[in-house]
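A structural walkthrough
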Amino acid sequence: MPRMNAAQRHVVDFTLNGQKIRAEAENRMLLSDLLRHEVGLTGTHVGCEHGVCGACTVQIDGKPARACLTLAQQVRGSDVRTVEALAPGAAELSPLQAAFRRHHGLQCGFCTPGILMSLDALLREQPDAGREEIREHLSGHLCRCTGYATIVEAALAAAEEQRKEETPNA
Amino acid sequence: MKSLETAGGLIGRTVERVEDAGLLTGRGRYIDDLPVRRDTAHLAILRSPHGHAEIRAINTSAASALPGVSAVLTGDDVGRLTRSMTVGVKANVECWPIARDRVRYVGEPVALVVAENRYVAEDALDLIEVEYETLAAIVDPEKALATDAPVLHPSLGTNLINERSFRYGDPEAAFATADHRIAIRIAYPRNSCTPIETYGVIAEYDPGEDAYDVTANFQGPFSIHAVISRALNVPGNRMRLRTPPDSGGSFGIKQGVFPYVILAAVAARVAGRPVKWIEDRLEHLTASVSATNRVTTLEAAVAADGRITALCWDQLEDCGAHLRAPEPATLYRMHGNMTGAYAIENVAIRNRVVLTNKTPTGLNRGFGGPQVYFALERLVHKIADELGLDRLQVIRRNLVPADAFPYRTATGGLLDSGDYQTAIDRACAEGGLDALRLRRDQARAEGRLYGIGYATVVEPSVSNMGYITTVLTPEERAKAGPKNGAQSVATVAIDPLGSITVKVASVPQGQGHRTVLAQVVAERLGLPLEAVRVNTELDTARDAWSIASGNYASRFAAAVAGAAALAADRIRERLAAIAASQLNVTADRIDFKAGKLFDRDNPDNAISFGRVAAASHWAPGTLPDGTGQTIRETVFWTPEQLEAPTATDGINSSLCHGFIFDICGAEIDRTTGQVRIDRYVTMHDCGRILHPGMVDGQVRGGFAQAIGAALYEEYAYGGDGSFLTGTLADYLIPTVMETPEPLILHHETPSPFTPLGAKGVGEGNCMSTPVCIANAVADALGVEDIRLPLSPSQVSEWLYGEERPPSKPQDSTPVATGASGERLLTGSGSADVVATRESVWTMLLDPNTLKAIIPGAHEVRKVSDTHFRAEVTLGIGPVKGRYHADIRLSDMVAPQAVTLSGGTEGALGSGRGTGRVTLTETATGTRIDYRYEAAIGGKVASVGGRLLDGAARVVIGQFFQALARHAGGGGPPSAAAGFTQRLLSLFRRRR
Ligand code: FES
Ligand code: FES
């Protein structure tokens, strides 16, 4: 790592949702602030800025991570994915997103992007995840609107659908 | 979105929400996402670390001089440009959004900084020096009434800001002749439904027109707009208030953003540029708003068969440090339904409102209901137990009869509709009460702790804007003029292509209003859902609104959707007249379906909706005589039942009254004291259901928050007013793991008073569930004085008695006892360094070495051989601050041991402590042993044990590593807990 200076902004090169990005950030800038206020992708939300609520969850090199506990400088060279990248096309929803809509897995939607990023990673790594795994992963997120049940149902439905698609003849 | 077939039948169906595609793809537009003017600066707020203190001096010069800072304001600056906020009762107090010469709660704003970005603004906060003289704080509402209690507002001379007594029927006679008098005393704690999105404000001032333009994620009621305009000293039309398209939840809480609207507006004026402020979570938990805590004594006059003939309420309401609008509304919102679901004819009420050194209170889901029903439903349980009757039987014996609706309650409420008996019967049958009883009996036979609780609740919705004037005496009311009603408003507009736009002043925060309004209006006009688009952003400069606008008191389904239906009906009537003239039939034969208007008796005689709808734009001359335009229709609707309080203080505080009956089966773990909800049944009568999925979503969401209130959440204060639950790691919101799934049942009795027959539904479980769980726990444990939250430590106390202090002192285990309300930390440890004892001794007493090795030290000054002063910056979790420390050395035995004692003071808190350091020679150098005891208060105390202890360990570790390095190498510390007192005392605060 080059030696950095607190008073200056430093270049951060990384991949964001498949595109190469060159941004500038002070050492102390959080990844959540970089994404929202420098790059302008406001889908990643900030609910606590101390790592508890999970609203800011993004994927860094495929793994869910709290953007509010990550310094912008830490993602140099990494592959960062945010909620904006989940849908396959402009007017489409991913199966997970569609399941959330069908099952009313959201109300205000503030916690939702973080939850989607966690579940997206879970369903990729553990395609056979059941209710318990899903609940376990959701326990890192706070939702104040839904009471969670519909989120669990949406995730289960998406997992089911994904399994069907992967084994079309089963 | 998949296309829905047209025509009727949209209302009552669980259609997919139109809101969701945007929210799911990161395209929501919450306040922090909105574009702002390029010259927008950012606001940060310096807040009081003390619960109660006089401000002696504020020095802002260093902050103002920091590059990037464009303005620094103190209470005096704000005072010069604004007026005190209106207080809802007659009392000689002022109410400012920022402290003037005294701070009265931890977190109260003390100074504002406007800077180019938030990072710089917060740097500047660190440079502001405030000199406080602390005063004794009062946090207990009962103690606040003592004659020798510290008084928050000297102008008032007492902490009791309002008291009123009421009498309905003949309670004295009922009590005198009653077979039994049974009473219960309740202390309901403070909590908050805290949304995941915090407050945000973007403010701008135009000096040319002396006008403010503010966007805030405010939720209403817009009666607050009048409070803001008055405080800013401008007419209402120079205070433009707008809301963003999306809001990340509110549950009442975002009503409380309004003092910050005032602060940001003034800051923008002084800075000469737009100002943006986004609250952080610590600010939110510490200083936004919460529900009131309340001490209630409730007594009932009871006949031998369990019939209640009179109630006597004594309510002591704690509204925190200021009585902020619309308080004391929490105390009066339930006034019309103080008898709950029961027919009780005689009622006496004494209401007192007291001020304490806690955050001012405000709207919170359930608003007044949790406090009232906790007392009432605990009492009904107790009555049954004392009389040896079945609890359900006592409930049933007292219910309002099914044929009595609309039923006028003793206190003036008008219960619109219901069939409580049937709803309860169905809940018991469909909820499996018999099986649950067997389960309980079996568990008990096995020696387990299992209980069943019930709660019966009337859930008011659509508040009467006049109910709060019940706090005034009839004479005061007569002078002030009557207040009543609740205007809701909706606009339906048709564009030149014949598509529909609906506009309402409902300000949703995630409830799906846009979807429901599209359903309602599309159904009225025989159109597919997607033909109607709904806009719920509110702009007071452009839109139709009134003081009742906003999203609170569960008014949407009953009032706002109703107004939209009425507006659609008016348009529909005119469209029918136009179509009739073109189809040569009479208007009463015209029907609307599938995008067509047609003759009901001859459906082939039809014309497209678009054609009829567009006529007002393209060919107004062709409209039949007497038919008005169909371009835009705005309907204001206020229900006649919402009358002003009567001369005898009767008040119909709400238009609608839903009904809830809950059953809870709970088991308590004998070993841990943990409460587990085994089964939960919740029966709702919310009138006609407009969207079943959303109704159940509201029920589940309220239920989850109520689980939090019952088992986990409390805004905890120390005796000195320090706030102890400032992060989401301390204020425990239930996750999916803690949230059981209730069985939701419905029994619909449509309201005769609302256009669609709907009633509110969102708040009910916040009223019913905490007491239902408490009743189950009381049943399991046989304990009467049930206090929330039912944490394992609380329950264990009932199981095993109060915890005794350990027989021998525990080392290295920080304890959060908070004797005086401060957080206490103790610990000890040791470290080895490769250096002689003498050189370590010298290092420890040398300011230059200390400066080099104390983490975050800017300066360490030696005042005398035994007195040091230090300046340090330290961050713990989200709380970073600068501190001055004053350390004295005593009991020095060079080079072996020294005692350090002292205190620190900073914007974020204060601390004091003592510690003993001992140096021992070892084969490789020196071993340092330390033991400390420290107490902290203020903002840092609210960060919570876990973070504090962890942070202390890290800091101490860093100190020893630095010391070892400085001493010329050596091992890392061998223990981790706390040199704190010396370190901490040295470098800034000790925890
Ligand atoms: S904002 Fe990152 S976890 Fe809450
Ligand atoms: S949907 Fe509002 S916080 Fe989860």
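This is a predicted model, so every value here is computed, not measured.

As for the interface of chain A and chain B
Chain A puts 48 residues into the contact, and the matching count from chain B is 53 residues. A combined buried area of about 4200 Å² lies between chain A and chain B, and 59% of that area is made up of carbon and sulfur atoms. Run the count over chain A and chain B and you get 19 residue pairs in polar contact (both at pLDDT 80 or more).

What about the pairing of strand β21 (residues 532-535) of chain B?
Residues and elements named next belong to chain B. Burial along β21 is one-sided: the face carrying V532 and V534 is buried and the face carrying R533 and N535 is not. In terms of strand pairing, strand β20 (residues 500-504) meets β21 through 4 bridges, oriented parallel. Bridge pairing in β21 places K503 opposite N535.

Thoughts on the domain arrangement of chain A
All names here are of chain A. As far as domains go, chain A holds domain 1 (9-84) and domain 2 (95-166). The C-alpha-based centres of domain 1 and domain 2 are spaced at 22 Å. The interface is formed by 18 residues belonging to domain 1 together with 15 residues belonging to domain 2. Roughly 1300 Å² of surface becomes buried between domain 1 and domain 2 when both sides are summed, with 55% attributable to carbon and sulfur atoms. Area buried by domain 1 at its contact with domain 2 is led by H45, Q59 and V83, which between them contribute 34% of it. In this assembly, domain 1 and domain 2 are joined by 2 salt bridges. For E125, the salt bridge identified is with K63, shortest N-O distance 3.4 Å. The class makeup of the residues in the side of domain 1 that touches domain 2 is 7 nonpolar, 8 polar and 3 charged.

Some details on the state of the cysteines
All names here are of chain B. Enumeration over the complete set of coordinates arrives at 0 disulfides over all chains. Counting only cysteine sulfurs, C772 is the nearest neighbor of C428, a cysteine outside any disulfide, at a range of 11 Å. C766 carries a free sulfur, and the closest cysteine sulfur to it, the one in C193, is 4.5 Å from it. Residue C766 is classed as buried on the basis of its relative accessible area, which comes to 5%.

Considering the domain arrangement of chain B
Residues and elements named next belong to chain B. Looking at chain B, the domain boundaries give domain 1 (34-135 + 193-287), domain 2 (160-191 + 290-469 + 652-797), domain 3 (487-637) and domain 4 (815-986). The gap between the C-alpha centroids of domain 2 and domain 3 is 39 Å. Looking only at domain 2, the three residues that lose the most surface to domain 3 are M465, P755 and L756, adding up to 33% of its buried area. Scanning the region where domain 2 abuts domain 3 turns up 0 salt bridges. Across the domain 2-domain 3 interface, the total number found is 2 residue pairs in polar contact (both at pLDDT 80 or more). Those elements giving two or more residues to the side of domain 2 that touches domain 3 turn out to be β18 (449-463), β26 (654-668) and α18 (692-712). Ranked by residues supplied to the side of domain 2 that touches domain 3, first place goes to β18 with 4 residues. Counted by class, the side of domain 2 that touches domain 3 contains 12 nonpolar, 7 polar and 4 charged residues.

Focus: the packing of helix α3 (residues 112-125) of chain A against helix α5 (residues 149-166) of chain A
Residues and elements named next belong to chain A. For the pair α3 and α5, interaxial distance at closest approach is 11 Å and the crossing angle is 35 degrees. The two elements α3 and α5 meet at a crossing, and its hand is right-handed. Taken together, the residues of α5 that come into contact with α3 (itself represented by I115, L119 and L123) are I151, A155, A158, A159 and Q162. In terms of residue class, the contact of α3 with α5 is made up of 7 nonpolar, 1 polar and no charged.

Definitions and cut-offs
Residues numbered from 1 in each chain as written. Chains lettered and ligands numbered in written order. Predicted model: local features only at pLDDT ≥ 70, side-chain atom pairs only at ≥ 80, totals over all residues. Heavy atoms only, no water. Contact = heavy atoms within 4.5 Å. Buried area = accessible area lost by both parts, 1.4 Å probe. Polar contact = N/O pair within 3.5 Å; in protein donor to acceptor, adjacent residues only side chain to side chain. Buried < 20%, exposed > 50% of the residue type's maximum accessible area, 1.4 Å probe, protein only. Helix = DSSP H or I, 4+ residues; strand = E, 2+ residues; numbered from the N terminus. Pairing = 2+ DSSP bridges. Domains from an automatic or database assignment. Salt bridge = Lys/Arg side-chain N within 4 Å of Asp/Glu carboxyl O. Nonpolar A, V, L, I, M, F, W, Y, C, P; charged D, E, K, R; others polar. Disulfide = S-S within 2.5 Å. Axes fitted to C-alpha atoms, helices over the stretch in contact; angles between N-to-C directions. Left-handed = near helix turned anticlockwise from the far one by under 90°.

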